[in-house]
Amino acid sequence: MIDVARKYVFDFDSTLTRVEALDVLAEMTLQGNSKREEIIAEIQKITNLGIDGDISFTESLERRIKLLNANKSDLDGLVKELRQKISKSIASNKEFFEKFSDDIYVISCGFKEFIDPIVEEYNIPSDRVYANTFEFDENGNIVGFDEENPLSQHNGKIECLKQMDLDGEVQVIGDGYSDYVMREAGIADKFFAYTENVHRDKAASNADHVTPNLDEFLFVNDLPRNISYPKNRIKILLLENVHPAAFDNLSEDGFSVELIKHSLSEEELVKKIKGVHVLGIRSKTQVTEKVLEAANKLLVVGAFCIGTTQIDLDTCKRKGVAVFNAPYSNTRSVVELAIGEIIMLMRSVFPRSTELHNGQWQKTASGAREVRGKNLGIVGYGNIGKQLSVLAEAIGMRVYYYDIDDKLALGNAVKCNTLEDLLSVSDVVTLHIDDNKANKNFIGEREINQMKQGAILVNLSRGFVIDIEALVHALKSGKLGGAAIDVYPEEPASNGPFMTELSGLNNVILTPHIGGSTEEAQRNIADFVPNKIMDYVNSGSTVDAVNFPNIRLPKQNKAHRFLHIHKNVPGIMAKVNEVLAKYEMNILGQYLSTDNEVGYVITDLDKEYNKDVIKALKKIENTIKFRVLY
């Protein structure tokens, strides 16, 4: 695996651990001190000045120890704290430290008293730890450090590494400029700026390689690692001002995430999509066949909304790209808006409000009706329709519903066998139908004429399902008593001017596609969709994918996972297993799900195997995509 003998020299603070140990010690020893926060901030400032080389390290060390007010008895507690603050990717790659323990060293300007107990658990003995040591007075108070130790001096790491006189290629992994100077002095061959915990520009700009985590370092060096591919190399593009929590969730899992506040045109997206593994959009961005042909690394598309007509699902499937949406996360928001609009329209609140804004007082009960006892007709009895049914019935409305699929009624709701039956009986008709193109002008002149005189129409579903011209005519003629419209046949790509024939009409509520746009809904979506994306990328699970065979996978347990996506043609599974048998693979578990076009087989195997099996599986005819996960 490795062509040249290498020695790996790690820093301790902010590299092996997530923190600077003396900062943690200060937080412990200054408990109860009225100036605690002020002193800790000063210690951190001095730490950074020393790390970046802006003051000598000797000065940095002296000034910090004076501020610490620490005792030898505090060190056990410090070690206990540090054990809980090991860097995430360090802790997950213990195998590397075990297998290469003879080649791993720690050079730190910290102190052996707390470093030794920590690194010992990673198979690094005390004689390969080079660090300072404390000096104590007769009461155990920390009063200084061994000033003869080169690591207590300016550029002490250079002198330390010189004295070690290591053979082979020496690689230094650390977060600070004081680590880089070993490379600058020519006694280390490579410097890796470790940025998992802190990004120091001075170190990163001089590094041979910036490594956001240990996984990246191990990947670059082709060393054994806990995961097959560093997450920082997986690029995620989020468009249309997706909730910041989505960015946070994906970034915290280690992915490289770019957030763009607006949608992109097809031409712009074609240029941007190259090298992107995950695309996150809302309703305005069109993921066309042309975009997908340019997407050379795309694994998954996340729709941070309910609808998916903006995505070419067939091409996604053909190219092995899974698509996830958020079918439940904003249902409550849509339902609450529908209830509110129904009440406002039935009471003619908006005309009265407009009159007052124009300086007219028109107190009247004319045209103002309670919703209690009125008939609500719900077209589309899915997640939103059902929830609306329950809430509407709770405020005293009689609920009727129509759906092309056979749906079980909730509460006292009455199923209508035809749309005409529903329209003819309803005082209010609310639309909650899907984005199937066949639903264009689902409500037109004919359907409006079947509605009761003075009825109200609410549309929070899709803009193209209503014939707007017919609706305008019905409102002006008095056939309909009011309408609430949240979606339109054509909507702008970004906020700005917008005109519709419905503007200015009496008792008409117009909103800019905000049915699901509440803080709670957007936060729910920002949790739900990224979780689906992470489940697929990290484990291969396709539960709730809208265009892919759904399969729920058990957690991997010390196994490698082969993910094979293929055209659903006869004989593929036989060929997959034939290859696995040829290479004498020990199969721990195998899972298969198919639809009419695509098959998805997942195989968990022992970690030790001939890597040529991967090439053989990729070469199987009708293979669409293949991945290895561990």
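Everything that follows concerns the structure shown earlier in this document.
Basis of the calculations
Residues numbered from 1 in each chain as written. Predicted model: local features only at pLDDT ≥ 70, side-chain atom pairs only at ≥ 80, totals over all residues. Heavy atoms only, no water. Salt bridge = Lys/Arg side-chain N within 4 Å of Asp/Glu carboxyl O. Helix = DSSP H or I, 4+ residues; strand = E, 2+ residues; numbered from the N terminus. Buried < 20%, exposed > 50% of the residue type's maximum accessible area, 1.4 Å probe, protein only. Pairing = 2+ DSSP bridges. Axes fitted to C-alpha atoms, helices over the stretch in contact; angles between N-to-C directions. Contact = heavy atoms within 4.5 Å. Disulfide = S-S within 2.5 Å. Patch = residues over 30% accessible without salt bridge, like charges linked within 9 Å, V, L, I, M, F, W, Y side chains within 5 Å. Areas by Shrake-Rupley, 256 points an atom, 1.4 Å probe, with all protein chains shown as cover. Lys, Arg positive; Asp, Glu negative; His and termini not counted. Charge placed at Lys NZ, Arg CZ, Asp CG, Glu CD.

Quick notes on the pattern of salt bridges
Where side chains of opposite charge bring their charged atoms close, a pairing between them can arise.
Moving on, step 1. Applying the stated criterion across every chain yields a total of 33 salt bridges.
Moving on, step 2. In this structure, the salt-bridge partner of Lys-202 is Asp-54, at a minimum N-O distance of 3.9 Å. Here Asp-54 lies in the loop between helix H3 (36-51) and helix H4 (57-68) and Lys-202 lies in helix H11 (residues 201-206), a separation of 148 residues in the sequence.
Moving on, step 3. Overall, Lys-202 belongs to the partly exposed group, its relative accessible area being 33%.
Moving on, step 4. Residue Asp-54 is classed as partly exposed on the basis of its relative accessible area, which comes to 49%.
Moving on, step 5. Beyond isolated ion pairs, a larger network of salt bridges with shared partners links Glu-289, Glu-293, Arg-318 and Lys-319.

Some points on the sheet that holds strand S3 (residues 129-132)
Moving on, step 1. Ordered by their spatial adjacency, 6 strands build an open sheet running S3-S2-S1-S6-S7-S8, and the pairing between neighbours is parallel. One side of each edge strand has no neighbouring strand; the edge strands of this open sheet are S3 and strand S8 (209-211). Neighbouring strand axes in the sheet, compared pairwise and without regard to direction, differ in orientation by 20 degrees on average.
Moving on, step 2. Pairing between strand S1 (residues 6-10) and strand S2 (residues 104-111): 3 bridges, direction parallel. What sits directly across from Val-9, in S2, is Tyr-105.
Moving on, step 3. Where H4 meets the sheet, it contacts S2 and S3, and its direction lies at approximately 55 degrees from that of S2.

Section: helix H10 (residues 177-184)
An α-helix turns once per 3.6 residues; consequently, residues spaced three or four apart project the same way.
Moving on, step 1. Listed in full, the buried residues belonging to H10 are Tyr-177, Asp-179, Tyr-180, Val-181 and Met-182.
Moving on, step 2. Tucked inside the fold, the buried residues of H10 contact H3, S2, helix H9 (156-164), strand S6 (169-174), strand S7 (190-194) and H11.
Moving on, step 3. The first or second residue beyond H10 is Gly-186, which carries a positive phi of 85 degrees.

Quick word on the state of the cysteines
Moving on, step 1. Scanning all chains against the criterion turns up 0 disulfides.
Moving on, step 2. Between Cys-305, a free cysteine, and Cys-316, which holds the nearest cysteine sulfur, the sulfur-to-sulfur gap is 13 Å.
Moving on, step 3. The class of Cys-316 is buried, set by a relative accessible area of 0%.

Topic: a negative patch on the surface
Moving on, step 1. A cluster of acidic residues, Glu-62, Glu-135, Glu-147 and Glu-148, forms a negative patch on the protein surface.
Moving on, step 2. Of note, Glu-148 is situated in the loop between strand S5 (142-145) and H9.
Moving on, step 3. The exposed category is assigned to Glu-148, whose relative accessible area is 72%.

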